[in-house]
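Notes for the structure review
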Number of protein chains: 2
Amino acid sequence: MKLGRISVNGPDGAEARLVLVVPEENRVIDLKRALHEQLVKEGSSRESALQYANAVFPGSMSAAIALGTPFTQAAEKINAKRPDAHSISFDSVNWLPASDPSVVRDGLTFVGHIKGFHEKIGAPPTPNLLKVPGYFKGTPHTVIGHEAEVPWPGYIQYMDYELELGYVIGKRAESLRPENALDHLFGITIFNDFSARDCQAVEMPIGMGPTKCKDFAYGIGPWITTVDEFKDLDRIGMEVRVNGETWGKGDSSNKLWTVGELIAWASLGEVIVPGDVIGSGTMGGGSALELDRKLQPGDVVEMIVEGVGTLRNTMGQPIPDLWWPEERKPFM
Amino acid sequence: MKLGRISVNGPDGAEARLVLVVPEENRVIDLKRALHEQLVKEGSSRESALQYANAVFPGSMSAAIALGTPFTQAAEKINAKRPDAHSISFDSVNWLPASDPSVVRDGLTFVGHIKGFHEKIGAPPTPNLLKVPGYFKGTPHTVIGHEAEVPWPGYIQYMDYELELGYVIGKRAESLRPENALDHLFGITIFNDFSARDCQAVEMPIGMGPTKCKDFAYGIGPWITTVDEFKDLDRIGMEVRVNGETWGKGDSSNKLWTVGELIAWASLGEVIVPGDVIGSGTMGGGSALELDRKLQPGDVVEMIVEGVGTLRNTMGQPIPDLWWPEERKPFM
């Protein structure tokens, strides 16, 4: 089953809706409207049916996943019928990020990228990468969806993408072990971790993790494919194209840490919640840095993941006149 | 004005309430109940008054601050009268975190701590600390309030506290400049950035920022003092006591970056939202590491900030039997 989020116009302005995605027919089905209609046909009053449909299919994917069985069962029932009514053609859809995570986490699990990245920057990876499945955190406010323009803060000269899988969490959990972590995986989406390489070189030595070099945009979409549709999480085909040209192609094999280990580590001593998205880390060859290339304003970046679809974003124009701090004098 | 959050029992279980705090009388006033009663006295129907009071004083501090004027004006009106009704004595209060931030950010602005920390670890600070006001991000799910027991994941041997101010954001903003950033500051709370020094030594070299060494607990409370009550943000007295003994004392002077610069940087190219808490970074001498000391299970940590109050937490017992990853073999 493929589930997404779109924006529709309502009497109070833009409104988020959950949709069932039918890529082979280039359409989505508005889940709330479909359920509302179905309930009324079955004898519910219009008003009560609407209240129920609002509760089962809220605008938040995180809230829907957190509801659990009433959400997934109602969606599966509509998926089994795939009615024509309440459909919107892909041409007319205004996509929202496939999930609205409470926090963005992004790992570093593909051996190929760790090698490629460190060869390019001319420094060996720290041996601590072998000790724990490191990840960084991103704020949830700059998540963007399919077809969205990517904000480009003007202080960035070296813009890059990162091709990743997004693991969408299905159940609240704390301190999982790898052997039961996959029970908490709801589905897979595509995750584009846009990265400012010049800014990263300033921030990374501080050791507190990326902020300005990452927190301007995380592409999440176009939708989520539920985990039951994947035969093997370590053999998912992945590709990135820039302006139609393939810049990277491979699959999700050759990982330093398994999906279960990454999720278990993310939950260790803390909490992961439904709708959270954990990036797999960049596929080997999944960044332009590894090719000595960079993105330009106006570039169209497409990420294709087998079993999901294509996440497409266009780079915006640099935002001018932003503040930048003045360097301080040494005090030690 | 001092505003906090507490938990009360309701027919559906625990419920969060916003309160006006009157420390000099050791009591809080339930804002929703006080407003409800006031409106009914003024002629509103009980039901409509309750709906309105729910909207003005929700259980979420972030949502209340985001509402803006209707929230602050109603709170100020109750603060002017300070009715006896709907009061709860400090003895009976079950405190919640003073805010429920969308994301935790924590800076590094006090020169004394940067010096003290790097002297102890025997390595010089990176010169990049002089270039930008670095900060790390924490997940919002492990924020704890006044009097809460601090969860102690069993993999931590070297437990520490960090004495900080918490800057609570008042208005949604993007790409502020330092000169107007303070307009977006709602108030000050106390921020205890509990830190696992052993775990930090494993994570920091990876460069993606702290995760397991920080994300188990952030103390935020006991309440928020609105910014109008502070004469000088750079002269706020701060102290930390462990089991009643003073381990660190100083004030909020001697900063590498101003409060305005830290907030502006946090908002640069991204979004800060009401209720977000930005830690000032540790006061010089505000960590046990700087004293070659460490916390033990059962220790009581008190942080006293002039104009706010005392944030008190007791360290829990180590949580046993957690998973820890097996080290990988080198691949480069």
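Residues numbered from 1 in each chain as written. Chains lettered and ligands numbered in written order. Predicted model: local features only at pLDDT ≥ 70, side-chain atom pairs only at ≥ 80, totals over all residues. Heavy atoms only, no water.

Residue and element names in this part refer to chain A. Between helix H1 (residues 31-41) and helix H4 (residues 69-81), the least distance of the axes is 11 Å, while the angle of their chain directions is 85°. Relative to H4, the element H1 is oriented roughly perpendicular. Note on element contacts: H4 touches H1 through Ala 75, Lys 77 and Ile 78, opposite Leu 31, Ala 34, Leu 35 and Gln 38. For the contact of H1 with H4, the residue count by class is five nonpolar, one polar and one charged. (Axes fitted to C-alpha atoms, helices over the stretch in contact; angles between N-to-C directions. Helix = DSSP H or I, 4+ residues; strand = E, 2+ residues; numbered from the N terminus. Parallel < 35°, antiparallel > 145°, perpendicular 65-115°, else oblique. Contact = heavy atoms within 4.5 Å. Nonpolar A, V, L, I, M, F, W, Y, C, P; charged D, E, K, R; others polar.)

Below, the discussion takes up the nonpolar core. Membership of the largest hydrophobic core comes to 202 residues, with the highest contact counts inside it found for Phe57(A) and Phe57(B). Discounting chain neighbours no more than four positions away, the residues touching Phe57(A) are Leu18(A), Leu31(A), Lys32(A), Leu35(A), Phe71(A), Ala74(A), Ala75(A) and Ile78(A). (Core = buried A, V, L, I, M, F, W, Y, C linked by side-chain atoms within 4.5 Å. Buried < 20%, exposed > 50% of the residue type's maximum accessible area, 1.4 Å probe, protein only.)

Moving on, we come to the UniProt feature "domain: Fumarylacetoacetase-like C-terminal" (unreviewed entry) in chain A. In this structure's numbering, the residues bearing the UniProt feature "domain: Fumarylacetoacetase-like C-terminal" (unreviewed entry) are residues 103-314 of chain A. Helix makes up 15% of residues 103-314 of chain A and strand makes up 35%, while its end C-alpha atoms are separated by 24 Å. (UniProt positions renumbered as here; feature names shortened; annotations may be inferred.)

Residues and elements named next belong to chain B. Taken in spatial order, the five strands of this open sheet run E8-E20-E19-E15-E16, and their pairing is mixed. Strands at the two margins of the open sheet, each flanked by one partner only, are strand E8 (149-153) and strand E16 (245-251). When the angles between neighbouring strand axes are averaged without regard to direction, this sheet yields 20°. (Pairing = 2+ DSSP bridges.)

Relative to chain B, chain A is turned by 180° and slid 0.0 Å along the rotation axis, the superposed coordinates differing by an RMSD of 0.0 Å. Classification of the inter-copy transformation places it as that of a two-fold axis. Residues of chain A ranked by C-alpha distance from the rotation axis are headed by Gly209(A), positioned 1.8 Å from it. (Least-squares fit on C-alpha atoms with pLDDT ≥ 70 in both.)

In this section: the packing of aromatic side chains. This model, assessed by the stated rule, comprises 18 aromatic pairs over all chains. Note on Phe90(A) and Trp95(A): the rings are 5.5 Å apart at their centroids and 75° apart in plane angle, and the pair reads as edge-to-face. Ring centres 5.1 Å apart and planes at 75° place the aromatic pair Trp265(A) and Trp324(B) in the edge-to-face group. You can see Trp265(A) sitting in helix H8 (residues 259-267) and its partner Trp324(B) sitting in the segment after strand E20 (309-319), one on each of two chains. By relative accessible area, Trp324(B) is classed as partly exposed at 35%. By the ring-pair criterion, three or more aromatic residues cluster together here, those being Phe57(A), Phe71(A) and Phe186(A). (Phe/Tyr/Trp six-rings, centres within 6.5 Å; stacked < 30°, edge-to-face > 60°.)

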